Amino acid sequence: MPLGSRVIRRLSWLAPLLALVIVAACGQEYPQSSLFPKGDPARLEDGLFFETVKWATLVFVLVEGALLYAIFRFRGKPGDAEPAQIHGNTVVEVIWTVIPALILAMIAVPTVKAIFKENTRPTGNLLTIEVVGHQWWWEFRYPEYNLTTANELHVPVGRTVSLKMGAYDVIHSFWLPQFAGKRDVFPNRETRLWFNAEEPGEYSGQCAEFCGIQHGRMAFRVIAQPAGEFEGWVAHMKTITMQPVAAAAAPTDSVHTSSAGAAVQQQAKPGPQAADSTKAAPAQPQNPEVAQGQKLFLMKGCVGCHGLVAYNAPKGLLGPNLANVGARTYIGAGTLPNTDENLAHWIRFPQEVKHGVLMPNLGVTENEAKALVAFLRTHR
Ligand code: CUA
């Protein structure tokens, strides 16, 4: 055996150790990992993984140990007679067939059990959520609350979530490593997945089936909240309306408006309150940039694809529902952090940010983008 491969063989015991060190060191930096389970199905899968690693380690140590022992103990010297030939020894062949078969059975039995356990329909006080995969974003519908949202899935801690999943266009795969495994989603066919969030927090998920040019930018987040906080979110989502007048009164801390502190201004705007502002009492402060943003949203064609109301939202819109887009952490399904600059850039140059995306370049100017951002920021 050449020296190189001999060295590699002697140091091979380092490999699993190295893998463990890498996993331990990078775990927190790469949260999209199934090695840090925070819910039942993920815990089941993690258990299986370590069960397999345990057996693999045992086999590795025994086999490599026997090999090293044999190498040193029975090393041949020049002039030695030919050792005993045991080729075709039935006893030895039976032994080395039966032992691996037993090891595989040890792994197979808990694996099959886990597969069945994961596929049982959960019972009890379930929160059913419909998931629809689109090229390249995720739609989430809460039939219980008649709410629709996109790319950020809010769930309550401690209540089992049952996902009924499908796809709008092509096959995608819903993958939420810290709560559950991955499950393919298909057009015209329902698949299911369930999980229970054990701890509040934000968790990353991702499409795991190649579904077109932007498959890699089809991420989503799960925001697990304590039950009360979640109910608050639901109640809040139901109040989000199309009218910027009411919404503009809400905190807009991250909005960079050129007209901050501008005088109260009444502008003609669509919506019920525009009918007769003299009768509408009392007149509310209206940020002109927000009002312009709303006008642009309606005129530029955004409204053709995007809903702005989460409650009782129409189904079948081409684009993600934007009712709370102002509060989301990312835009473009995990493509960019949701800052004003990024949002404006995304609105102006969608094809540059995410080539192939269905959102067309609508010829929005820099100032128009600013107004649209101000308007969208009020939807939070
Ligand atoms: Cu959707 Cu990959």
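Residues numbered from 1 in each chain as written. Predicted model: local features only at pLDDT ≥ 70, side-chain atom pairs only at ≥ 80, totals over all residues. Heavy atoms only, no water.

What follows is about the packing of aromatic side chains. As enumerated under the stated definition, the model contains 14 aromatic pairs in all. Ring geometry for tryptophan 138 versus phenylalanine 174: centroids 5.3 Å apart, planes at 85°, classification edge-to-face. With tryptophan 138 in strand 2 (residues 137–142) and phenylalanine 174 in strand 6 (residues 172–175), this residue pair connects regions lying 36 residues apart in the sequence. The exposure class assigned to tryptophan 138 is buried, which follows from its relative accessible area of 0%. Take phenylalanine 174: its relative accessible area is 0%, and that puts it in the buried class. These aromatic residues form a ring-pair network of at least three members: Trp138, Phe140, Phe174 and Phe220. (Phe/Tyr/Trp six-rings, centres within 6.5 Å; stacked < 30°, edge-to-face > 60°. Helix = DSSP H or I, 4+ residues; strand = E, 2+ residues; numbered from the N terminus. Buried < 20%, exposed > 50% of the residue type's maximum accessible area, 1.4 Å probe, protein only.)

Here histidine 134 shows up in strand 1 (residues 127–134). Within polar-contact distance, the side chain of histidine 134 engages the side chain of glutamate 139 at 2.7 Å. The contacts of histidine 134, once residues within four sequence positions are left out, are Glu139, Tyr168, Asp169, His172, Met218 and Leu317. (Polar contact = N/O pair within 3.5 Å; in protein donor to acceptor, adjacent residues only side chain to side chain. Contact = heavy atoms within 4.5 Å.)

Below, the discussion takes up the confidence of the model for the chain. On average, residues of the chain score 82 in pLDDT, and 81% of them are at 70 or above. Of all secondary-structure elements in the chain, the lowest mean pLDDT belongs to helix 6 (residues 244–248), at 44, while strand 6 reaches the highest, 96. The low-confidence segment residues 244–285, where pLDDT is below 50, has 49 contacts with residues more than four positions distant or belonging to other chains. (pLDDT = per-residue confidence, 0-100.)

With 7 of its 8 residues buried, strand 1 lies for the most part within the structure. Taken together, the 7 bridges between strand 1 and strand 5 (residues 161–167) define a ladder with parallel strand orientation. Counted as the bridge partner of glutamate 130 is lysine 164 from strand 5. Pairing analysis gives 5 bridges linking strand 1 to strand 2, with the strands arranged antiparallel. Its bridge partner being in strand 2, glutamate 130 is matched across the sheet by arginine 141. Taking the residues that link successive antiparallel strands as the turn, the strand 1-strand 2 hairpin has 2 residues. (Pairing = 2+ DSSP bridges.)

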